[in-house]
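Take a look at the letters that make up each chain.
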Amino acid sequence: METPDTAAAPTDRRASNTLTALVGLAVAVLVIVFVFNTNSFTSHWYAFFKWAHVTGAVLWVGGGLALTILALWAERKQDPVEMAMLARQAAFIGERVFAPVGLLVFLAGIAMVINLHWGWGTSWIVIGLVGYALTFLTGLLVLGPQAKRIGQLIETVGADAAETQAAIRRILLIARVDEGVLLLVVAAMILKPFT
Ligand code: HEM
(Lines give C-alpha, C1' and ligand atoms only; values in the text may rest on other atoms or scores of the structure.)
Protein backbone atom coordinates (compact mmCIF):
# COMPACT_ATOMS: atom_id res chain seq x y z
CA MET A 1 0.00 0.00 0.00
CA GLU A 2 1.19 3.52 -0.74
CA THR A 3 2.26 5.64 2.18
CA PRO A 4 0.90 9.23 2.27
CA ASP A 5 4.47 10.41 1.46
CA THR A 6 4.81 8.47 -1.80
CA ALA A 7 1.20 9.28 -2.76
CA ALA A 8 1.98 13.00 -2.41
CA ALA A 9 5.10 12.79 -4.60
CA PRO A 10 3.37 13.01 -8.05
CA THR A 11 1.34 16.03 -6.85
CA ASP A 12 4.52 17.71 -5.61
CA ARG A 13 6.18 16.95 -8.92
CA ARG A 14 3.25 18.43 -10.86
CA ALA A 15 3.34 21.57 -8.71
CA SER A 16 7.09 21.87 -9.25
CA ASN A 17 6.71 21.39 -13.04
CA THR A 18 3.90 23.97 -13.17
CA LEU A 19 6.02 26.50 -11.27
CA THR A 20 9.00 25.85 -13.58
CA ALA A 21 6.76 26.33 -16.65
CA LEU A 22 5.32 29.56 -15.21
CA VAL A 23 8.79 30.97 -14.46
CA GLY A 24 9.90 30.02 -18.00
CA LEU A 25 6.81 31.67 -19.51
CA ALA A 26 7.24 34.84 -17.44
CA VAL A 27 10.90 35.10 -18.50
CA ALA A 28 10.00 34.49 -22.18
CA VAL A 29 7.27 37.18 -22.13
CA LEU A 30 9.53 39.74 -20.45
CA VAL A 31 12.41 38.98 -22.84
CA ILE A 32 10.07 39.68 -25.79
CA VAL A 33 9.00 42.95 -24.13
CA PHE A 34 12.70 43.88 -23.66
CA VAL A 35 13.54 42.94 -27.27
CA PHE A 36 10.83 45.28 -28.59
CA ASN A 37 11.77 48.09 -26.21
CA THR A 38 15.53 48.32 -26.57
CA ASN A 39 17.21 51.11 -28.48
CA SER A 40 20.71 49.62 -28.20
CA PHE A 41 20.51 47.64 -31.43
CA THR A 42 19.96 48.31 -35.11
CA SER A 43 16.95 45.97 -35.34
CA HIS A 44 14.67 43.86 -33.16
CA TRP A 45 16.04 40.77 -34.94
CA TYR A 46 19.60 41.67 -33.97
CA ALA A 47 18.47 42.22 -30.36
CA PHE A 48 16.75 38.82 -30.34
CA PHE A 49 19.74 36.99 -31.88
CA LYS A 50 22.09 38.62 -29.42
CA TRP A 51 19.88 37.66 -26.49
CA ALA A 52 19.75 34.03 -27.71
CA HIS A 53 23.51 34.00 -28.40
CA VAL A 54 24.63 35.43 -25.06
CA THR A 55 22.04 33.56 -22.96
CA GLY A 56 23.10 30.30 -24.66
CA ALA A 57 26.76 31.14 -24.04
CA VAL A 58 26.02 31.82 -20.34
CA LEU A 59 24.30 28.43 -19.98
CA TRP A 60 26.96 26.56 -21.94
CA VAL A 61 30.15 28.18 -20.63
CA GLY A 62 28.81 28.71 -17.09
CA GLY A 63 27.50 25.14 -16.88
CA GLY A 64 30.85 23.80 -18.10
CA LEU A 65 32.72 25.93 -15.58
CA ALA A 66 30.53 24.64 -12.72
CA LEU A 67 31.30 21.04 -13.80
CA THR A 68 35.01 21.86 -13.99
CA ILE A 69 34.98 23.21 -10.43
CA LEU A 70 33.08 20.13 -9.18
CA ALA A 71 35.57 17.86 -11.01
CA LEU A 72 38.55 19.60 -9.38
CA TRP A 73 36.87 19.22 -6.00
CA ALA A 74 36.12 15.50 -6.53
CA GLU A 75 39.71 14.94 -7.70
CA ARG A 76 41.03 16.59 -4.56
CA LYS A 77 38.86 14.39 -2.37
CA GLN A 78 40.03 11.32 -4.37
CA ASP A 79 36.55 9.86 -4.19
CA PRO A 80 36.11 7.35 -7.07
CA VAL A 81 32.33 7.08 -6.66
CA GLU A 82 31.88 10.84 -6.81
CA MET A 83 34.23 11.04 -9.81
CA ALA A 84 32.17 8.39 -11.63
CA MET A 85 28.91 10.16 -10.78
CA LEU A 86 30.32 13.46 -12.02
CA ALA A 87 31.55 11.87 -15.26
CA ARG A 88 28.06 10.45 -15.84
CA GLN A 89 26.36 13.77 -15.12
CA ALA A 90 28.84 15.60 -17.36
CA ALA A 91 28.17 13.10 -20.19
CA PHE A 92 24.41 13.57 -19.79
CA ILE A 93 24.45 17.36 -19.69
CA GLY A 94 27.09 17.55 -22.45
CA GLU A 95 24.98 15.53 -24.86
CA ARG A 96 21.50 16.73 -23.90
CA VAL A 97 22.13 20.38 -23.03
CA PHE A 98 25.55 21.74 -24.09
CA ALA A 99 25.50 20.27 -27.63
CA PRO A 100 22.09 21.75 -28.64
CA VAL A 101 22.71 25.02 -26.78
CA GLY A 102 26.15 25.29 -28.45
CA LEU A 103 24.47 24.89 -31.82
CA LEU A 104 22.00 27.66 -30.89
CA VAL A 105 24.92 29.96 -29.91
CA PHE A 106 26.62 29.20 -33.24
CA LEU A 107 23.48 29.78 -35.35
CA ALA A 108 22.58 33.00 -33.51
CA GLY A 109 26.18 34.20 -34.03
CA ILE A 110 25.92 33.49 -37.77
CA ALA A 111 22.54 35.30 -37.86
CA MET A 112 24.06 38.40 -36.21
CA VAL A 113 27.01 38.48 -38.62
CA ILE A 114 24.60 38.34 -41.58
CA ASN A 115 22.11 40.78 -40.04
CA LEU A 116 24.67 43.50 -39.26
CA HIS A 117 27.23 42.66 -42.00
CA TRP A 118 30.02 42.29 -39.45
CA GLY A 119 32.31 40.68 -42.07
CA TRP A 120 33.48 37.06 -41.93
CA GLY A 121 37.17 38.02 -41.84
CA THR A 122 36.82 40.15 -38.65
CA SER A 123 39.39 38.78 -36.17
CA TRP A 124 37.07 38.07 -33.21
CA ILE A 125 34.53 36.40 -35.52
CA VAL A 126 37.30 34.18 -36.94
CA ILE A 127 38.29 33.33 -33.33
CA GLY A 128 34.61 32.47 -32.62
CA LEU A 129 34.35 30.26 -35.70
CA VAL A 130 37.64 28.45 -34.99
CA GLY A 131 36.71 28.06 -31.28
CA TYR A 132 33.32 26.63 -32.15
CA ALA A 133 34.85 24.23 -34.71
CA LEU A 134 37.39 23.04 -32.10
CA THR A 135 34.81 22.47 -29.38
CA PHE A 136 32.38 20.81 -31.83
CA LEU A 137 35.04 18.38 -33.06
CA THR A 138 36.29 17.69 -29.52
CA GLY A 139 32.73 16.84 -28.45
CA LEU A 140 32.03 14.69 -31.50
CA LEU A 141 35.33 12.84 -31.77
CA VAL A 142 36.66 12.71 -28.21
CA LEU A 143 34.25 13.60 -25.38
CA GLY A 144 31.21 11.74 -26.76
CA PRO A 145 32.96 8.41 -27.52
CA GLN A 146 35.05 8.59 -24.31
CA ALA A 147 31.93 9.23 -22.21
CA LYS A 148 30.30 6.13 -23.73
CA ARG A 149 33.44 4.09 -22.98
CA ILE A 150 33.43 5.27 -19.36
CA GLY A 151 29.77 4.24 -19.05
CA GLN A 152 30.71 0.76 -20.28
CA LEU A 153 33.73 0.57 -17.95
CA ILE A 154 31.55 1.48 -14.95
CA GLU A 155 29.13 -1.30 -15.92
CA THR A 156 31.82 -3.92 -16.53
CA VAL A 157 34.83 -3.34 -14.24
CA GLY A 158 33.22 -0.88 -11.78
CA ALA A 159 33.60 2.79 -10.88
CA ASP A 160 36.67 2.40 -8.68
CA ALA A 161 38.71 0.24 -11.09
CA ALA A 162 42.04 1.89 -11.98
CA GLU A 163 41.16 1.78 -15.70
CA THR A 164 37.82 3.57 -15.13
CA GLN A 165 39.36 6.22 -12.89
CA ALA A 166 42.18 6.88 -15.41
CA ALA A 167 39.61 7.29 -18.21
CA ILE A 168 37.52 9.65 -16.04
CA ARG A 169 40.55 11.78 -15.14
CA ARG A 170 41.49 11.95 -18.85
CA ILE A 171 38.02 13.04 -20.02
CA LEU A 172 37.75 15.66 -17.27
CA LEU A 173 41.14 17.04 -18.28
CA ILE A 174 40.11 17.28 -21.94
CA ALA A 175 36.83 18.94 -20.88
CA ARG A 176 38.90 21.48 -18.93
CA VAL A 177 40.93 22.39 -22.03
CA ASP A 178 37.65 22.65 -23.98
CA GLU A 179 36.31 25.04 -21.33
CA GLY A 180 39.49 27.12 -21.70
CA VAL A 181 38.83 27.44 -25.45
CA LEU A 182 35.26 28.61 -24.75
CA LEU A 183 36.46 31.18 -22.20
CA LEU A 184 38.92 32.52 -24.78
CA VAL A 185 36.12 32.86 -27.34
CA VAL A 186 34.02 34.75 -24.76
CA ALA A 187 36.99 37.10 -24.14
CA ALA A 188 37.40 37.63 -27.91
CA MET A 189 33.66 38.38 -28.31
CA ILE A 190 33.69 40.93 -25.47
CA LEU A 191 37.04 42.62 -26.16
CA LYS A 192 37.05 42.34 -29.98
CA PRO A 193 40.87 42.35 -30.18
CA PHE A 194 42.91 43.17 -33.32
CA THR A 195 40.13 45.29 -34.84
C1 HEM B 1 32.20 29.35 -29.14
C2 HEM B 1 31.09 29.91 -28.99
C3 HEM B 1 30.78 31.35 -28.72
C4 HEM B 1 30.62 31.95 -27.50
C5 HEM B 1 30.75 31.29 -26.14
C6 HEM B 1 30.25 33.34 -27.74
C7 HEM B 1 29.98 34.28 -26.77
C8 HEM B 1 29.61 35.59 -27.01
C9 HEM B 1 29.37 36.59 -26.00
C10 HEM B 1 29.46 36.37 -24.49
C11 HEM B 1 29.02 37.74 -26.62
C12 HEM B 1 28.65 39.09 -25.98
C13 HEM B 1 29.78 40.08 -26.14
C14 HEM B 1 29.39 41.51 -25.79
O15 HEM B 1 28.28 41.95 -26.07
O16 HEM B 1 30.23 42.23 -25.21
C17 HEM B 1 29.02 37.48 -28.04
C18 HEM B 1 28.69 38.40 -29.02
C19 HEM B 1 28.69 38.13 -30.36
N20 HEM B 1 29.10 36.97 -30.97
FE21 HEM B 1 29.68 35.26 -30.05
N22 HEM B 1 30.23 33.54 -29.10
C23 HEM B 1 30.55 32.36 -29.74
C24 HEM B 1 30.65 32.12 -31.08
C25 HEM B 1 30.35 33.03 -32.05
C26 HEM B 1 30.41 32.77 -33.47
C27 HEM B 1 30.84 31.44 -34.10
C28 HEM B 1 30.03 33.91 -34.10
C29 HEM B 1 29.89 34.23 -35.55
C30 HEM B 1 29.86 33.41 -36.51
C31 HEM B 1 29.71 34.90 -33.07
C32 HEM B 1 29.25 36.18 -33.30
C33 HEM B 1 28.96 37.12 -32.33
C34 HEM B 1 28.44 38.45 -32.62
C35 HEM B 1 28.13 39.03 -33.99
C36 HEM B 1 28.28 39.07 -31.37
C37 HEM B 1 27.69 40.47 -31.12
C38 HEM B 1 28.73 41.50 -30.99
C39 HEM B 1 28.14 42.84 -30.61
O40 HEM B 1 26.93 43.06 -30.79
O41 HEM B 1 28.92 43.67 -30.12
N42 HEM B 1 29.93 34.32 -31.84
N43 HEM B 1 29.40 36.18 -28.25
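To be clear, the structure that these remarks concern was listed above.
Residues numbered from 1 in each chain as written. Predicted model: local features only at pLDDT ≥ 70, side-chain atom pairs only at ≥ 80, totals over all residues. Heavy atoms only, no water.

> So what exactly am I meant to see when it comes to the overall build of the chain here?
Of the regular secondary structure elements, the chain holds five helices and zero strands. Secondary structure of the chain in N-to-C order comes out as α-α-α-α-α. Rg of the C-alpha trace for the chain: 21 Å, well past the compact-globule value of 16 Å for 195 residues, more than 25% over. A separation threshold of at least 6 residues defines the contact pool for the chain, and within that pool the share at least 24 residues apart is 69%. Carbon and sulfur atoms make up 71% of the accessible area of the chain, which totals about 12,600 Å². Taking the average location of the 13 positive side-chain charges in the chain and that of its 12 negative ones, the two points are 8 Å from each other. (Helix = DSSP H or I, 4+ residues; strand = E, 2+ residues; numbered from the N terminus. Rg over C-alpha atoms; globule rule 2.2 N^0.38 Å. Contact = heavy atoms within 4.5 Å. Areas by Shrake-Rupley, 256 points an atom, 1.4 Å probe, with all protein chains shown as cover. Lys, Arg positive; Asp, Glu negative; His and termini not counted. Charge placed at Lys NZ, Arg CZ, Asp CG, Glu CD.)

> Looking at this structure, how should I read the coordination of the iron atom of the ligand?
Note on metal sites: the ideal angle is 109.5 degrees for four tetrahedral donors, and 90 or 180 degrees for six octahedral donors. Distances from the iron atom of the ligand to its protein donors, H53 (NE2) and M189 (SD), fall within 2.0 to 2.3 Å. Exposure remark for H53: the relative accessible area of 14% places this residue in the buried category. (Donors = N, O, S within 2.8 Å, 3.2 Å for Na, K, Ca; no water. Buried < 20%, exposed > 50% of the residue type's maximum accessible area, 1.4 Å probe, protein only.)

> I keep staring at helix 2 (residues 44-77) and nothing clicks. Help me out?
Residues three or four positions apart in an α-helix share a direction because the helix packs 3.6 residues into each turn. Between the first and last C-alpha of helix 2 there are 49 Å, a value that for 34 residues agrees with the 50 Å anticipated at 1.5 Å per step. Positioned one or two residues after helix 2, Q78 has a phi angle of 50°, which is positive. (Expected span 1.5 Å × (residues − 1).)

> I keep staring at the site of the ligand and nothing clicks. Help me out?
Within the structure, the ligand sits among 24 residues, and Y46, K50, H53, M189 and K192 are positioned closest to it. Looking at which element gives the most residues to the shell around the ligand, the answer is helix 2, with seven residues. Grouping the constituent residues of the shell around the ligand by class yields 19 nonpolar, three polar and two charged. (Near = heavy atom within 4 Å. Nonpolar A, V, L, I, M, F, W, Y, C, P; charged D, E, K, R; others polar.)

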